Amino acid sequence: MLGICRGRRKFLAATLTVLFVPAFTWIYLFSGTFKDEKPVSLSPYEAPANSPRYMFNQRERESLEVRMQEVEEENQALRKQLSLAQSRVHRHKNHSKSYSTEEGTGDNEVVHALAWNGSECGKRPTVEKCETIHIAIVCAGYNASRDVVTLVKSVLFHRRNPLHFHFITDAIAKQILGYLFETWMVPAVTVNFYDADELKPEVSWIPNKHYSGIYGLMKLVLTKTLPGSLERVIVLDTDITFATDIAELWAVLHKFKGVILLLLDKLRKMKWEQMWRLTAERELMNMLSTSLADQDIFNAVIKQNPFLVHQLPCFWNVQLSDHTRSEQCYKDVSDLKVIHWNSPKKLRVKNKHVEFFRNLYLTFLEYDGNLLRRELFGCPSEVDKNSQNLQKQLLELDEDDPCYEFRRERFTVHRTHLYFLHYEFEPSADHTEVTLVAQLSMDRLQMLEAICKHWEGPISLALYLSDAEAQQFLRYAQGSEVLMSRSNVGYHIVYKEGQFYPVNLLRNIAMKHVNTPYMFLSDIDFLPMYGLYEYLRKSVVQLDMANTKKALIVPAFETLRYRLSFPKSKAELLSMLDMGTLFTFRYHVWTKGHAPTNFAKWRTATTPYHVDWEADFEPYVVVRRDCPEYDRRFVGFGWNKVAHVMELDAQEYEFIVLPNAYMIHMPHAPSFDITKFRSNKQYRICLKTLKEEFQQDMSRRYGFAALKYLTAENNS
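Residues numbered from 1 in each chain as written. Predicted model: local features only at pLDDT ≥ 70, side-chain atom pairs only at ≥ 80, totals over all residues. Heavy atoms only, no water.

Observations concerning the pairing of strand 5 (residues 163-169)
Reasoning step 1: Counting buried positions over the 7 residues of strand 5 gives 7, a clear majority of the element.
Reasoning step 2: Residues Leu163, Phe165, Phe167 and Thr169 line one face of strand 5 and the alternating positions His164, His166 and Ile168 line the opposite face, and both faces are buried.
Reasoning step 3: After leaving strand 4 (residues 133-139), the chain enters helix 2 (residues 142-158) and then returns to the sheet as strand 5, a path that is right-handed.
Reasoning step 4: Bridge count between strand 5 and strand 6 (residues 189-195): 7 bridges; the pairing is parallel. Looking at strand 6, one finds that isoleucine 168 is bridged to tyrosine 194.
Reasoning step 5: Once you follow strand 5 into helix 3 (residues 171-184) and on to strand 6, the crossover reads as right-handed. (Buried < 20%, exposed > 50% of the residue type's maximum accessible area, 1.4 Å probe, protein only. Helix = DSSP H or I, 4+ residues; strand = E, 2+ residues; numbered from the N terminus. Right-handed = clockwise from strand over helix to strand, strands pointing away. Pairing = 2+ DSSP bridges.)

Here's the deal with the sheet that holds strand 23 (residues 663-665)
Reasoning step 1: Across the sheet, which stays open at both edges, the 4 strands sit in the order 16-23-18-19 with mixed pairing between neighbours. Where the open sheet ends on each side, the last strands, each with one partner, are strand 16 (526-528) and strand 19 (583-584).
Reasoning step 2: Across 3 bridges, strand 16 lies against strand 23 in antiparallel orientation. Bridge pairing in strand 23 places leucine 527 opposite isoleucine 664.

Comments concerning the sheet that holds strand 17 (residues 550-553)
Reasoning step 1: The 9 strands are arranged 11-14-13-12-15-21-17-22-20 in an open sheet whose pairing can be described as mixed. On the outer flanks of this sheet lie strand 11 (416-417) and strand 20 (609-611), each paired with one strand and no other.
Reasoning step 2: By the bridge criterion, 4 bridges tie strand 15 (residues 518-521) to strand 21 (residues 621-624) in an arrangement that is antiparallel. Paired with phenylalanine 520 across the bridge in strand 21 is valine 622.
Reasoning step 3: Packing of helix 14 (residues 467-478) onto the sheet brings it into contact with strand 13 (459-465) and strand 14 (489-495), and relative to strand 13 it is tilted by some 135°.
Reasoning step 4: Most of the contacts of helix 16 (residues 503-512) go to strand 12 (residues 434-441), to which it runs at about 145°, and overall it touches strand 11, strand 12, strand 13, strand 14 and strand 15. (Contact = heavy atoms within 4.5 Å. Axes fitted to C-alpha atoms, helices over the stretch in contact; angles between N-to-C directions.)

What about a negative patch on the surface?
Reasoning step 1: On the surface, Asp398, Glu399, Asp400 and Glu405 cluster together to form a negatively charged patch.
Reasoning step 2: With respect to the secondary-structure elements, aspartate 400 resides in the loop between helix 11 (385-395) and helix 12 (404-409). (Patch = residues over 30% accessible without salt bridge, like charges linked within 9 Å, V, L, I, M, F, W, Y side chains within 5 Å. Areas by Shrake-Rupley, 256 points an atom, 1.4 Å probe, with all protein chains shown as cover. Salt bridge = Lys/Arg side-chain N within 4 Å of Asp/Glu carboxyl O. Lys, Arg positive; Asp, Glu negative; His and termini not counted. Charge placed at Lys NZ, Arg CZ, Asp CG, Glu CD.)

Thoughts on the pattern of salt bridges
Pairing is possible between side chains of opposite charge, provided their charged atoms come close.
Reasoning step 1: Here the structure, examined in full by the defined rule, presents 26 salt bridges.
Reasoning step 2: We note a salt bridge from arginine 160 to aspartate 245, for which the minimum N-O separation is 3.4 Å. Residue arginine 160 is found in the loop between helix 2 and strand 5, and its partner aspartate 245 is found in the loop between strand 8 (240-242) and helix 6 (247-252); the two are separated by 85 residues along the sequence.
Reasoning step 3: The exposure class of arginine 160 is exposed, given its relative accessible area of 55%.
Reasoning step 4: Taking relative accessible area as the criterion, aspartate 245 reaches 5% and is therefore assigned buried.
Reasoning step 5: What you see here is one network of salt bridges that share partners, running through Lys153, Asp368, Arg415 and Asp467.

What to know about the environment of lysine 601
Reasoning step 1: Relative to the elements of secondary structure, lysine 601 occurs in helix 19 (residues 599-604).
Reasoning step 2: You can call lysine 601 partly exposed: its relative accessible area is 40%.
Reasoning step 3: It is 9.1 Å that separates the C-alpha atoms of lysine 601 and proline 659, two residues lying 58 residues apart in sequence.

Regarding the packing of helix 2 against helix 3
Reasoning step 1: At their nearest, the axes of helix 2 and helix 3 sit 9 Å apart, and the two run at 35° to each other. Crossing of helix 2 against helix 3: the hand is right-handed. Across the interface between the two elements, Tyr142, Ser145, Val148, Val149, Val152, Lys153 and Leu156 from helix 2 touch Ile172, Ala173, Ile176, Leu177, Leu180, Phe181 and Trp184 from helix 3.
Reasoning step 2: Here the contact of helix 2 with helix 3 is built from residues that sort into 12 nonpolar, 1 polar and 1 charged. (Left-handed = near helix turned anticlockwise from the far one by under 90°. Nonpolar A, V, L, I, M, F, W, Y, C, P; charged D, E, K, R; others polar.)

Observations concerning the packing of aromatic side chains
Reasoning step 1: On inspection of all chains with the given rule, the structure shows 27 aromatic pairs.
Reasoning step 2: With centroids separated by 6.1 Å and ring planes inclined at 65°, the aromatic side chains of tyrosine 142 and tyrosine 419 adopt a geometry described as edge-to-face. Of this pair, tyrosine 142 sits in helix 2 while tyrosine 419 sits in the loop between strand 11 and strand 12; the two residues are 277 residues apart in sequence, bridging distant segments of the chain. A single burial state applies to tyrosine 142 and to tyrosine 419, both of which are buried. (Phe/Tyr/Trp six-rings, centres within 6.5 Å; stacked < 30°, edge-to-face > 60°.)

Considering the state of the cysteines
Reasoning step 1: Using the criterion set out here, one finds 2 disulfides in the structure.
Reasoning step 2: Paired by a disulfide, cysteine 130 and cysteine 379 hold their sulfur atoms 2.1 Å apart. Around the S-S axis, the bridge from cysteine 130 to cysteine 379 shows a dihedral of about -90° and counts as left-handed. On the criterion of sequence distance, the pair formed by cysteine 130 in the loop between helix 1 (58-89) and strand 4 and cysteine 379 in the loop between helix 10 (354-365) and helix 11 is long-range, its members being 249 residues apart.
Reasoning step 3: Under the relative-accessibility criterion, cysteine 130 is labelled partly exposed at 31%.
Reasoning step 4: Residue cysteine 379 is classed as buried on the basis of its relative accessible area, which comes to 11%.
Reasoning step 5: The partner cysteine of cysteine 403 in its disulfide is cysteine 686, sulfur to sulfur 2.1 Å. (Disulfide = S-S within 2.5 Å.)

Here's what the structure looks like:
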């Protein structure tokens, strides 16, 4: 709910918890999407009119009237408390005409404006250098979690003060944003989360047809939700972009006198909860449901008390539309404060400056978030334990070590955005589901559709991308019928940082967010056989995977042909092997990697069979979700899977080859990392050093049993 410009006097709906502008609460900048644009049914009023159960009958009206009368009596005293404030603002009564609804924007938004005292309007308000600015955002669902990142980037880019974000979220948004901020590690930024589910009973009784659903009403209860010690907060919606330091907006609050600085605290004392409920009940007698969520309720209170509306210049809320009114909010680019994109079409309007606005939005959409990890000089900030441990570990590294960059990568914290796209998966009652786990970068994106066609089960993918590439991926995915038809694929964006491809970190992130009992640890350039998902589900039951430590091996093959008639059975695959269309994986260049699978035995096997671990063995396996992680010291190319399989063996996993399972590696250009391995002698030296250190660690962890790995390595 943001301000609208009308005629010559355009003012931002900057705030107002309505009846209490003199005792002012928060600054409003909203009107966007919260819950993935899915309407939420809130009340009987949205049911068919002929449904007796849900009719808004006379008895319900009478019940509301009784309740209203009781609350009205208590509010008479509160209204008297406002009389003094009312007399003080009578000199501004002409300004109350700024309350208006702009027709034709598609949003029917209303002005709620706040102005600083006219006698001081020529002075620019200021904020103390290290004063913390509090920001509240309601965010629910996958899409809104993605949108809020662009807003946060724009705020961080301009800010010069410590920030404290207060997120009112559902469980999904909390998981995504919590992990994002934890891995973002931006100095002088604090984040708190509040459970939106606990607030639903407070507003669920309000019939609401707005697309944001119940989450669009939760700003009404911020006084109750946020900590009692918090005096003021700026409330932002997810679909805006800042073009200035948010401190300028925060400073507006400093221009009020006396008790006004109490803001949230003052509203609590004046029983705001009771007041908005009274107004809502009165208005619902006529309109039956809200169409603009909480905005309808704020509008109703302002309509009854127009003298309480204060004005701010509308460049604090420049909304794009096909009308020229928004263009009158600013004369120069430097005037712009906040750009409001409260629907996707706002990027396609006929505003003569729309290209400028679009570029501003895209700048932050694709901006490298790692660059926002900058210190605020001169402001003390608390360093959490994770940051302290990280700094300690980095200081212990020798920068003169030729392998310093390899060692440093192990401690790099990569900013991570979980579930970049909508995700849905309901586990079955038999607990046999298997999730395919893989990682990729932009150059392997074309494999996604093919894998989705071959594997119908859940998939967990870690994608190593820049911010700009993440947006390219989003456009690619949204334009793909195959990918959009699948909701059981979890896409986790790990943002690029450093010079190495963090292959094992990516695998660990994809593994960590598997929500099935079993995982198929694969690679993105392999296509599983058709029907492998169901075959594996049966196999985990037959081999009692739930109660034993087993690693089920899916034999790997490869083709050199970009166009392959994929074999639909084991018999067809064996025929292609004999014809030279297929080969056992890496038979020509790295036989040891898969030789222990014993392909000769597999050709005639009809039942699962046991194989022993051997040096350099790196099969693709199905394991329980609680298997050990991959070792992060291995980056780029070399020993990343070998080390993991060695640890499985050290933990006494039994390797079982599945007789009727197979996967095929598809050809592609060499990766940048394998090229470095082949051309850079120092790369190979460092890899050898890391291998030796890993084996020493294995000896310390697993004792005498780990000696065979050193012996095997020396003999290989």
